[in-house]
Number of protein chains: 2
Amino acid sequence: MKIAVDVMGTDYGLTELVQGAVDAVKKFACETILIGDAVKIEEVLAKLGIKDDRVRVHNASQVIEMDEHPAMAVKQKKDASIVVAARMLRQGLCDAVVSAGSTGAAMTAATLLTGRIKGVERPAIGLTIPGMGKGAVLVDAGANVDAKPSNLVQSAIMGSVYAEKILHILKPRVGLLNIGAEETKGNEQAQATFPLLKACKEINFQGNIEGRDITTGGTDVVVCDGFVGNALLKFGEGLAKTIFMLMKEAILTSGLLTKLGGGLIRPAMEKLRSKMDPNKYGGALLLGIKAPFVICHGNSKAYAITNAIGITIEFVKNNVTDVIAERIQQNKNMVGSV
Amino acid sequence: MKIAVDVMGTDYGLTELVQGAVDAVKKFACETILIGDAVKIEEVLAKLGIKDDRVRVHNASQVIEMDEHPAMAVKQKKDASIVVAARMLRQGLCDAVVSAGSTGAAMTAATLLTGRIKGVERPAIGLTIPGMGKGAVLVDAGANVDAKPSNLVQSAIMGSVYAEKILHILKPRVGLLNIGAEETKGNEQAQATFPLLKACKEINFQGNIEGRDITTGGTDVVVCDGFVGNALLKFGEGLAKTIFMLMKEAILTSGLLTKLGGGLIRPAMEKLRSKMDPNKYGGALLLGIKAPFVICHGNSKAYAITNAIGITIEFVKNNVTDVIAERIQQNKNMVGSV
């Protein structure tokens, strides 16, 4: 299996990405194509002492920066690393793409160049929110900020396939994010979506869920609009960071015994911190694209990239794309026949 | 000052609410009117050994339960505790209302019976999200789930007055919750709201903020739609609970030294937990109502009720209602004159 890694546009420079890809090659016995500034990539490989036939380099002379307009940049920069990666994926020159660059650019490149699965109205971003148990798949985490009810139904189907095939949850429970449990609650979007989800045979719909159910094991798949999902995701990131920081501060500004206690619990806290680290789950999946496309956080370290590559391999092995295509089609036939 | 407390409909029964109100009377030298089942309230007062002229009881023979339809229940149950409280507030028989019952019912009773401030299109729920520093006022936390841009502008004005007068933040920074910093980002609602906030002279608008800025001190007032605000608020509640639970679990399933460390840091952790406890901030304020109306969490303990009463006293002392009325009017004149 060949995984293309767009090594440009990350916060830490490309060393972490190259290291993560190389580690993945060893761990999963796959091949990787490192796409970006070939001179810089070769330098890093030399510095790391890597000589491995399974690690190839493909030059791309341009980069799409975080602050560029995604659609415009993808159209204009034909040799940007993410554009080259998306094109190679469509041409079958690789099996999956991993990027830590601009989410918008990756989304656009994937949709325009790699292409959508037949029947998918709009791709959505699916991502595992850590919590009790296996966590929950949040979909959509930011692709469609003005989603139609039918988009949310497709998100539910695609998120369920993700939970089933990647997280190995049998008949994953699907919840519609809302402000209350009753069917009549919520904004117009949620009220219009509820009956559609209820009628959808391709998912195991459990009804409305509230924000607090996401991390406490109340659901396996959280369906929401991309605006809400993105706000939630980033709020959670900030809140977790705040709690860990205030905890550290509380311990350091206390007496000697508390400080001693802080030292003693450090290993347990590090374990917890890593459990709550979204990087562990290998980034965000673009669901609805013809081949696996994963976007990692801009501040991803090597192990996050390795995990992301691991996810794409699971994705390919379990034919996630085909299963999504099949269920979207089933749903279309069903809706069409009513 | 006379604060009416609706003691019905809370998760813990009315003892906690009565205790909280009595504590507030001592702490703030105010008066309280306990509204609900008079027999039960008198029983609790007797059990607590309270004999204080400043604590009065007002019977209400009905209760609105959490699962009832708010508007219907408020119209039908004329003698429900929250309905009686809202009516007394309009009649000037008390200066503020505190309730721990159904948010929807309180919202409806306040709007229909106490009444809106002149010029306010729709009341909004304002609430302090704990975080670094003084935290941030989230508005709207669940009142208008399909808010128009003009509603969001009024939320921004009312939230700013709250931050200024209650949290004592000079020229509070206002941020529009969005998925990115640039003016052109976001859903239709956010894109339409941005220029209105930018033009609003009554607030100190700083531009878009993202979810992660809420707890990390990036803003003083977070403006968003009630659907998004409610989802965020409950997600944060669940996430904080999850982190503290997993922390406890991580410590208890570790070796003896970690357990010892856990014991040593407990006081510091309790302090942090209390800092992150939204109850500390005294509940959610209905902004845009003619008099202070505070809704506490259904699982509020006595100290949360005491804090909520403290907030309403600050609210009255600082003429928050008048200041809101004035700035809403200024904004209307300005918009009208353009």
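Residues numbered from 1 in each chain as written. Chains lettered and ligands numbered in written order. Predicted model: local features only at pLDDT ≥ 70, side-chain atom pairs only at ≥ 80, totals over all residues. Heavy atoms only, no water.

Colleague: Would you mind going over the confidence of the model for chain A with me for this structure?
Modeller: Note: predicted coordinates in regions of low pLDDT should not be interpreted at a detailed level. Residues with a pLDDT of 70 or more make up 98% of chain A, whose mean pLDDT is 92. Interface confidence in the predicted complex, given as ipTM, is 0.91; pTM for the same model is 0.92. (pLDDT = per-residue confidence, 0-100.)

Colleague: How do you make sense of the relation of the copies chain A and chain B when you look at a structure like this?
Modeller: Between the two chain copies there is a screw-like relation: a rotation about an axis and a shift along it. Between chain A and chain B, the superposition needs a rotation of 180° and an axial shift of 0.0 Å, giving an RMSD of 0.0 Å. The relationship between the two copies is best expressed as a two-fold rotation axis. Residue glycine 261 of chain A, judged by its C-alpha, is the member of chain A lying nearest the rotation axis, at 1.8 Å. Most of the interface of chain A is mirrored in chain B, where 98% of its interface residues are also at the interface. (Least-squares fit on C-alpha atoms with pLDDT ≥ 70 in both. Contact = heavy atoms within 4.5 Å.)

Colleague: Help me understand the nonpolar core in this model?
Modeller: Across soluble globular proteins, you tend to see nonpolar side chains buried next to one another. Membership of the largest hydrophobic core comes to 245 residues, with the highest contact counts inside it found for Phe293 and Ile309 of chain A together with Phe293 and Ile309 of chain B. When residues in this core are grouped by element, the largest group, 14 residues, is from helix α8 (residues 226-252) of chain A. Residues within four places of phenylalanine 293 of chain B in sequence aside, it is in contact with Ile82, Ala86, Leu89, Val97, Ala106, Ala110, Thr114, Ala284, Leu285 and Leu286 of chain B. (Core = buried A, V, L, I, M, F, W, Y, C linked by side-chain atoms within 4.5 Å. Buried < 20%, exposed > 50% of the residue type's maximum accessible area, 1.4 Å probe, protein only. Helix = DSSP H or I, 4+ residues; strand = E, 2+ residues; numbered from the N terminus.)

Colleague: Got a minute to help me understand the sheet that holds strand β8 (residues 204-209) of chain A in this structure?
Modeller: One key point about sheets: their strands pair by backbone hydrogen bonds, in either a parallel or an antiparallel sense. Residues and elements named next belong to chain A. Across the sheet, which stays open at both edges, the 11 strands sit in the order β3-β2-β1-β4-β11-β10-β5-β6-β9-β7-β8 with mixed pairing between neighbours. Single-partner strands in this sheet number two, and they are β3 (55-59) and β8. Direction aside, the axes of adjacent strands within the sheet are offset by 25° on average. Note that strand β1 (residues 2-6) and strand β4 (residues 96-99) share 4 bridges and pair parallel. (Pairing = 2+ DSSP bridges. Axes fitted to C-alpha atoms, helices over the stretch in contact; angles between N-to-C directions.)

Colleague: I would appreciate a short explanation of the pairing of strand β6 (residues 136-139) of chain B in the present structure.
Modeller: Along any regular strand the residues' side chains alternate between the sheet's two faces. All names here are of chain B. Side chains Ala136 and Leu138 project from β6 onto one buried face, and the interleaved Val137 and Val139 project onto a second face that is buried too. Here strand β5 (residues 124-129) hands over to β6 after 6 residues, with glycine 133 in that stretch at a positive phi of 70°. Strand direction decides the pairing type here: β6 and strand β9 (residues 221-223), joined by 3 bridges, are parallel. Bridge pairing in β9 places valine 137 opposite valine 221.

Colleague: It is not clear to me how the packing of aromatic side chains should be interpreted in this structure. Could you clarify?
Modeller: How two aromatic rings sit relative to each other is set out by the distance from centre to centre and by the angle between their planes. Residue and element names in this part refer to chain A. If you walk through the whole model with that rule in mind, you get 2 aromatic pairs over all chains. A centroid spacing of 5.2 Å and a plane angle of 75° characterise the contact between phenylalanine 194 and phenylalanine 205, whose relative ring orientation is edge-to-face. Note that phenylalanine 194 is positioned in helix α7 (residues 188-199) and phenylalanine 205 in strand β8, a separation of 11 residues in sequence. (Phe/Tyr/Trp six-rings, centres within 6.5 Å; stacked < 30°, edge-to-face > 60°.)

Colleague: What exactly am I supposed to notice about the environment of glycine 126 of chain B here?
Modeller: Residue and element names in this part refer to chain B. For glycine 126, the position within the fold is in strand β5. By relative accessible area, glycine 126 is classed as buried at 0%. Distance from glycine 126 to leucine 285, taken between C-alpha atoms, is 5.1 Å for residues 159 residues apart in sequence. Once residues within four sequence positions are removed from consideration, glycine 126 is found in contact with Leu138, Val139, Tyr162, Gly283, Ala284, Leu285 and Leu287.

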